[in-house]
Amino acid sequence: MSDEKKSTAVDLKNLKAGGFIKERGKDLFTVRLRVPGGRLPVGRLKKIAEVAEKYGQGMVHLSVRQSVELININFRDFDAVVAELGEGPQKVASCGARVRVPTACGGCEYNPNGLVDTQKSALEVDEKLFGTPTGHHKFKVGFAGCPFDCPKSATNDVGFQGAIWPVLSVEECIGCGLCDKSCTEDAITMGEDGKPRFIPENCLYCGDCLKVCPTEAWRAEKKGYTVRIGGKWGRRPLVGTLFAEFLPEEQVVDFIAAVLEWYKEKAEGQGRIRLGDVIRAEGADALLARLRERFPGFVVDATIPPQAIATQIGKDR
């Protein structure tokens, strides 16, 4: 074995799988760091800056999926970079055909719109499923705390969005009308009796009515995640479609594992193919049926396949 190969313990044949991405420059790589939910303690951030100054160009890149990437790292420094980051500790992420680091918004910790603890969910998924090989292609998971959906959860292979189903206790309602005024989706209107009337087909599960009610007459009958499956970006993007509603937070990992199991099975022999394309080929009902066995009461009765986005609109073809 040459001295060059001895200089690093990283398997050069599997660099990308380990979060080391080849750059244009000779011997230079981007090192993608593992930042589940996009959250970093300040001490770890300082260590990353230190390592970037020492081994890179004194600069980092913030990826669109909340990772921190060290750029212009010479492959001979891989061991040193990993060792010094480990003092933080800061783990390197992964690429390739495996479960990626989950993204998430701040959730309900400090965001007044947040309905669920997205950070907790992201950390749990990262701990239990990160790096799981799919055998076919990348697999991305994202968490949004409310229907504003800042992380764009529907563009993930499995995307979760916080949701609340409101119910009104008429006896406790004083007819102030604040819920009607706060509902931007016209899911609440005031009746002739001076009490709110709920229009369920208009509700987006935001829970705003609960937040403004001075007597807590509105309460959450159901709370959890709306789940959309089959999204992706890239050259031929897809928007994931609705497969489950009010999935409890504690069932997130099991739900993703069930989707992964179906994906691996149905994509067998098809090479590099994303989950959304498999669903479009197999039909949404095939996945719904599998999930309904494991998660009755949360999986929707019917849905449509992931929807293609025509990014070339306006092009004369």
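Relevant structure appears above.
Residues numbered from 1 in each chain as written. Predicted model: local features only at pLDDT ≥ 70, side-chain atom pairs only at ≥ 80, totals over all residues. Heavy atoms only, no water.

Caption draft 1: Structural detail: the packing of helix H2 (residues 42–55) against helix H3 (residues 78–86). Where H2 meets H3, the closest approach of the two axes is 9 Å, and the angle between their N-to-C directions is 160°. In terms of axis orientation, H2 runs roughly antiparallel to H3. Between H2 and H3 the crossing geometry is right-handed. Contacts between H2 and H3 involve Lys-47, Ile-48, Val-51, Lys-54 and Tyr-55 on the former and, on the latter, Ala-80, Val-81, Glu-84 and Leu-85. Taken together, the residues of the contact of H2 with H3 break down into six nonpolar, no polar and three charged. (Axes fitted to C-alpha atoms, helices over the stretch in contact; angles between N-to-C directions. Helix = DSSP H or I, 4+ residues; strand = E, 2+ residues; numbered from the N terminus. Parallel < 35°, antiparallel > 145°, perpendicular 65-115°, else oblique. Left-handed = near helix turned anticlockwise from the far one by under 90°. Contact = heavy atoms within 4.5 Å. Nonpolar A, V, L, I, M, F, W, Y, C, P; charged D, E, K, R; others polar.)

Caption draft 2: Representation of the packing of aromatic side chains. Taken as a whole and judged by the stated rule, the model has 13 aromatic pairs. A ring pair is formed by Phe-143 and Tyr-225, whose centres lie 5.6 Å apart and whose planes are at 55°; its orientation type is tilted. Separated by 82 residues along the polypeptide, Phe-143 in strand S6 (residues 141–144) and Tyr-225 in strand S10 (residues 218–229) bring together distant segments of the chain. For the residue pair Phe-143 and Tyr-225, the accessibility class agrees, reading buried in each case. (Phe/Tyr/Trp six-rings, centres within 6.5 Å; stacked < 30°, edge-to-face > 60°. Buried < 20%, exposed > 50% of the residue type's maximum accessible area, 1.4 Å probe, protein only.)

Caption draft 3: Focus on the sheet that holds strand S4 (residues 68–74). Strand order in this open sheet of four strands is S1-S2-S4-S3, and the pairing throughout is antiparallel. The open sheet has two edge strands with one neighbour each: strand S1 (20–22) and strand S3 (60–62). In this sheet, neighbouring strand axes are inclined to one another by 30° on average, regardless of whether the strands run parallel or antiparallel. Taken together, the three bridges between S3 and S4 define a ladder with antiparallel strand orientation. Its bridge partner lying in S4, His-61 is registered against Glu-69. Helix-sheet contacts for H2 involve S3 and S4, and the interaxial angle to S4 is about 25°. (Pairing = 2+ DSSP bridges.)

Caption draft 4: Molecular detail of the side chain of Lys-232. In this structure, Lys-232 sits in the loop between S10 and strand S11 (238–239). We classify Lys-232 as buried; its relative accessible area is 11%. In terms of polar contacts, Lys-232 uses its side chain to reach the side chain of Asp-277, at 2.8 Å. The contact partners of Lys-232, leaving out residues within four places of it in the chain, are Thr-155, Pro-237, Leu-238, Arg-274 and Asp-277. (Polar contact = N/O pair within 3.5 Å; in protein donor to acceptor, adjacent residues only side chain to side chain.)

Caption draft 5: Highlighting H2. The end-to-end C-alpha distance of H2 is 20 Å, a good match for the 20 Å that 14 residues give at a rise of 1.5 Å each. Among the residues of H2, Lys-47, Ile-48, Val-51, Ala-52 and Tyr-55 are the ones counted as buried. Axial view of H2: buried residues confined to an arc of 140°, hence all on one face. Exposed side chains of H2 directed beyond 90 degrees from the buried face belong to Val-42, Lys-46, Glu-53 and Lys-54. Residues of H2 that are buried in the fold lie against S3, S4 and H3. (Expected span 1.5 Å × (residues − 1). Arc of directions from axis to C-beta.)

Caption draft 6: Inspection of the pattern of salt bridges at higher detail. The tally for this structure, following the rule as stated, stands at 14 salt bridges. Across the salt bridge formed by Glu-84 and Lys-54, the nearest N and O atoms sit 3.0 Å from each other. One end of the pair, Glu-84, is in helix H3; the other, Lys-54, is in helix H2, and 30 residues separate them in sequence. In this structure, the salt-bridge partner of Asp-277 is Lys-232, at a minimum N-O distance of 2.8 Å. Within this pair, whereas Asp-277 is found in helix H8 (residues 275–282), its partner Lys-232 is found in the loop between S10 and S11, the two being separated by 45 residues in sequence. Classification of Asp-277 by relative accessible area gives partly exposed; the value is 26%. Residues joined by salt bridges that share partners form a network here, namely Glu-261, Glu-265, Lys-266 and Arg-290. (Salt bridge = Lys/Arg side-chain N within 4 Å of Asp/Glu carboxyl O.)

Caption draft 7: Up close: the packing of helix H7 (residues 252–266) against H8. The contact between H7 and H8 brings their axes to 10 Å, and the two run at 70°. It follows from the interaxial angle that H7 and H8 lie roughly perpendicular. As H7 runs across H8, the sense of the crossing is left-handed. Within the contact between the two elements, H7 uses Val-259, Trp-262, Tyr-263 and Lys-266 and H8 uses Leu-275, Val-278, Ile-279 and Glu-282.

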